[in-house]
Amino acid sequence: MAYDFDKIAANYDRLNHLMTLGMDRRWRRRGVRWLVGGVRSPRCLDVAAGTGDLALEMCRADGEVPVTCVDLSEKMLERAKSKLPPETECIVADAEQLPFADAAFDCVGTAFGIRNFVHLEQGLSEMVRVLKPGGRMLILEMSTPDSALVRPFYNLYANHIIPWLGERIAHNREAYTYLPASIERFPKGQAMLSVLESVGLDARQRKFFFGVCRMYVCVKES
């Protein structure tokens, strides 16, 4: 079961930037450059939008991009509204039952939220359903490094330092113990590519920072 993110909304941005040493901003920018680059006046959807950082990068990429945000957490979306343009639509909804017509969006993205889907394939299928044929999908997600040399350092950081930071800053150790556990369980690399292909996407992977973050760039098959 996914964690109740209403409990950590107030400190979510601060801890994200701290835990990734600010690299999460760069990863979003790089992903959005691919997602909307060269697409004329795209209509974009940010799924599991959280506090709206991915949607914000979508807006910055092209001031005329209409963006819709969807998340289950009302408090996270309240923070998103405070930083996004007033015309941005923010909807409390389940990613596994998106309230949109088929082929409604040119681009669909999600950043650091897809691992919280209760049913991964169902959520992905819904994202594919609302994406136009030939449309682009971006998935950014935390992962575990492949390197046996890097893995011990990652384990120390993920299993001890991150929960400690969560306790000190957000006063919520539980949430930041859930975080590395959810990353560990989530499929990565070829396993994730196989899932994406099974729902009708042509997908490729790019790894950042030894594979601690993975970017999946996908195109919906016509």
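Residues numbered from 1 in each chain as written. Predicted model: local features only at pLDDT ≥ 70, side-chain atom pairs only at ≥ 80, totals over all residues. Heavy atoms only, no water.

Colleague: Let's hear about the overall build of the chain: which residues, and what values?
Modeller: Within the chain one finds 8 helices and 7 strands. What you see for the chain is a C-alpha radius of gyration of 16 Å, in line with the 17 Å of a compact globule of 222 residues. By principal-axis analysis of the C-alpha atoms, the chain measures approximately 45 × 35 × 30 Å. Counting across all 222 residues of the chain, residues that qualify as buried make up 55%. (Helix = DSSP H or I, 4+ residues; strand = E, 2+ residues; numbered from the N terminus. Rg over C-alpha atoms; globule rule 2.2 N^0.38 Å. Buried < 20%, exposed > 50% of the residue type's maximum accessible area, 1.4 Å probe, protein only.)

Colleague: Residue-level account of the pairing of strand 7 (residues 213-220), with values.
Modeller: Taken across its 8 residues, strand 7 has 7 buried, putting it largely inside the fold. Pairing of strand 5 (residues 131-142) with strand 7, which is carried by 7 bridges, proceeds in the antiparallel orientation. Looking at strand 7, one finds that R136 is bridged to V219. In the sheet, strand 6 (residues 201-208) pairs with strand 7 via 8 bridges, with the strands oriented antiparallel. Within strand 7, the residue paired with F208 across the bridge is C213. (Pairing = 2+ DSSP bridges.)

Colleague: Give a detailed account of the environment of G189, specifying residues and quantitative values.
Modeller: Along the polypeptide, G189 turns up in the loop between helix 7 (173-185) and helix 8 (190-198). You can call G189 buried: its relative accessible area is 8%. Placed 24 residues apart in sequence, G189 and L165 show a C-alpha to C-alpha distance of 28 Å.

Colleague: So what's going on with the packing of helix 1 (residues 12-19) against helix 6 (residues 151-170)? Which residues, and what values?
Modeller: The geometry of a pair of packed helices is captured by two quantities: the angle between their axes and the separation between those axes. With their axes 11 Å apart at the nearest point, helix 1 and helix 6 run at an angle of 145 degrees to one another. The way helix 1 lies across helix 6 gives a crossing that is right-handed. Across from R14, L15, L18 and M19 in helix 1, the residues of helix 6 making contact are Y157, I162, L165, G166, I169 and A170. Considered class by class, the residues forming the contact of helix 1 with helix 6 number 8 nonpolar, 1 polar and 1 charged. (Axes fitted to C-alpha atoms, helices over the stretch in contact; angles between N-to-C directions. Left-handed = near helix turned anticlockwise from the far one by under 90°. Contact = heavy atoms within 4.5 Å. Nonpolar A, V, L, I, M, F, W, Y, C, P; charged D, E, K, R; others polar.)

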